[in-house]
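What the coordinates show
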Amino acid sequence: MTYATGRRKTLLYAGIGVAALFVLLTVSLTTGEMRIPATTALRALVGLGDPGDVLVVQQFRAPRSVAAIVAGAGLGAAGCVLQRLFRNPLASPDVMGVTGGASLGAVALIAAGASQTLIPVGALAGGLLAALLLGVFAWRSGLAVTRLVLTGLAVQAGLAAAVNLMIVRFPAELAGSALQWTTGSVYSRTWTQVWGAGGAMVLVLTVALVLHRRLAVLDLGDDSAGALGLRTSTARLQLLLIAVVLASLAAALAGPVTFVALAVPHIVRFLTGPPTAASLALASLTGAVLLLASDLVVQHLLPVEGLPVGAVTATLGAPWLLVLMFRQSSPVRRSHA
């Protein structure tokens, strides 16, 4: 595939993704216990029309939908950066300990009886704490890829164990709230939370696109990248931090949603071929579409009410992970290694 052909395919799928996102957003604003016509819902979104419609759309449906879009975009980009950085198709924020750290931060604030508005702040702080632990434990090896992955698995396991211990020791009323949050949900999100995480997400995504060339140089291998003047350990640490912040912001808004960051890079590579800066942007768009679609499934297609969106993504993610692991360990792949 030539560069021009790949670029055209990326633009084509980006246009399809934008259209799909608009359709899903319209569906999310119009469906529910009170059905609202599409034109009425879109007018209510900008404050026009019946006050009751404006209240339902602006205060209940729109923040939840936009939260899913923002969180999905961050997870898609984070997974894309991590898998390319580690040259490992199984790399994701779950593996690197980010979701464990986010869960620990949020659950700690729930245990302290903090306001619901502060819980996303705790999740963000926990995700950054996981990144700090990862960097400290792996630094001696010069941030080698294998050491980072193994250290990330250890950090994730330790933080997940701490979260489980806290939940077990919680009073019953707090345990239920904490357990629901750790599954991942965009229920009852507010505009304050959405705008805060969304603004930060746009800024970090912009930085990720700017630093994308360093990923391309790292693809050549550490020796070749060093010969071109790139300090590989510093570049890898910068890109790792970008991915962690993206995943932490997503977790702060939606909880530790699984599968999205793992699957999106594979979907984008299947559609467009070798990764580029444009495919990184497409990964964000694909993540937004996937998470918003999953949330609509939770709200309107499943017979069980009150399920968090993480339940759907985890159900999809388990067989996907098994397929990836089988493909990685297949004799055909080993014989060509």
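You'll find the structure just up there.
Keep in mind that this is a model prediction, so the values were computed, not measured.

Reading guide: rules and limits
Residues numbered from 1 in each chain as written. Predicted model: local features only at pLDDT ≥ 70, side-chain atom pairs only at ≥ 80, totals over all residues. Heavy atoms only, no water. Helix = DSSP H or I, 4+ residues; strand = E, 2+ residues; numbered from the N terminus. Contact = heavy atoms within 4.5 Å. Areas by Shrake-Rupley, 256 points an atom, 1.4 Å probe, with all protein chains shown as cover. Buried < 20%, exposed > 50% of the residue type's maximum accessible area, 1.4 Å probe, protein only. Core = buried A, V, L, I, M, F, W, Y, C linked by side-chain atoms within 4.5 Å. Phe/Tyr/Trp six-rings, centres within 6.5 Å; stacked < 30°, edge-to-face > 60°. Expected span 1.5 Å × (residues − 1). Bend = angle between axes of the 7 residues up to and from the residue. Polar contact = N/O pair within 3.5 Å; in protein donor to acceptor, adjacent residues only side chain to side chain. Patch = residues over 30% accessible without salt bridge, like charges linked within 9 Å, V, L, I, M, F, W, Y side chains within 5 Å. Salt bridge = Lys/Arg side-chain N within 4 Å of Asp/Glu carboxyl O.

1. Some remarks on the overall build of the chain
- Along its length, the chain carries 15 helices and 0 strands.
- Sequence-distant contacts in the chain: of pairs separated by 6 or more residues, those separated by 24 or more amount to 74%.
- Accessible area of the chain: about 16,100 Å², with a carbon and sulfur share of 69%.

2. Notes on unusual backbone geometry
- Backbone geometry places Ser188, a non-glycine residue, at a positive phi of 60°.
- Here Phe259, not a glycine, exhibits a phi torsion of approximately 80°, which is positive.
- Turning to its location among the elements, Phe259 is positioned in the loop between helix H11 (232-254) and helix H12 (260-272).
- Taking relative accessible area as the criterion, Phe259 reaches 8% and is therefore assigned buried.

3. Looking at the environment of Leu118
- If you trace the backbone, Leu118 turns up in the loop between helix H4 (98-111) and helix H5 (119-138).
- For Leu118, a relative accessible area of 43% gives the class partly exposed.
- Sequence-wise, Leu118 and Gln193 are 75 residues apart; in three dimensions their C-alpha atoms are separated by 9.4 Å.

4. Some remarks on the nonpolar core
- The biggest cluster of nonpolar side chains holds 65 residues, and the ones touching the most others in it are Phe86 and Leu246.
- The element contributing the most residues to this core is helix H3 (residues 51-86), with 14 residues.

5. A short note on the packing of aromatic side chains
- All chains considered together, the criterion is met by 1 aromatic pair.
- Plain terms: the ring middles of Trp191 and Trp195 are 5.6 Å apart, the flat faces sit at 20° to each other, and that makes the pair stacked. Of this pair, Trp191 and Trp195 both sit in helix H8 (residues 191-210), 4 residues apart, which is roughly one turn of that helix.
- Relative accessible area serves as the criterion here: at 61%, Trp195 is assigned to the exposed category.

6. Focus on H3
- With 36 residues, H3 should reach 52 Å at 1.5 Å per residue; the first-to-last C-alpha distance of 51 Å fits that figure.
- Approximately 40° is the largest bend angle found in H3, and it occurs at Ala62, with the proline Pro63 only one to four residues beyond.
- Buried residues dominate H3, accounting for 29 of its 36 residues.
- The backbone nitrogen of Gly52 has a side-chain oxygen 2.8 Å away, supplied by the residue at the start of H3, namely Asp50.
- Arg87 occupies a position one or two residues after H3 and carries a positive phi of about 50°.

7. Comments concerning the environment of Ala277
- Relative to the elements of secondary structure, Ala277 occurs in helix H13 (residues 277-300).
- Residue classification places Ala277 among the partly exposed residues on the basis of a relative accessible area of 30%.
- Separated by 69 residues in sequence, Ala277 and Ala208 have C-alpha atoms that sit 8.9 Å apart.
- Contacts of Ala277, omitting those with residues within four sequence positions, involve Leu209 and His212.

8. Description of a nonpolar patch on the surface
- A contiguous nonpolar surface patch, about 580 Å² in accessible area, is contributed by Phe22, Val23, Val27, Leu42, Leu45, Val46 and Leu48.
- Residue assignment for the nonpolar patch shows that the elements contributing at least two residues are helix H1 (3-30) and helix H2 (38-45).
- For the nonpolar patch, the leading source of residues is H1, giving 3 residues.
- Structurally, Phe22 is set in helix H1.

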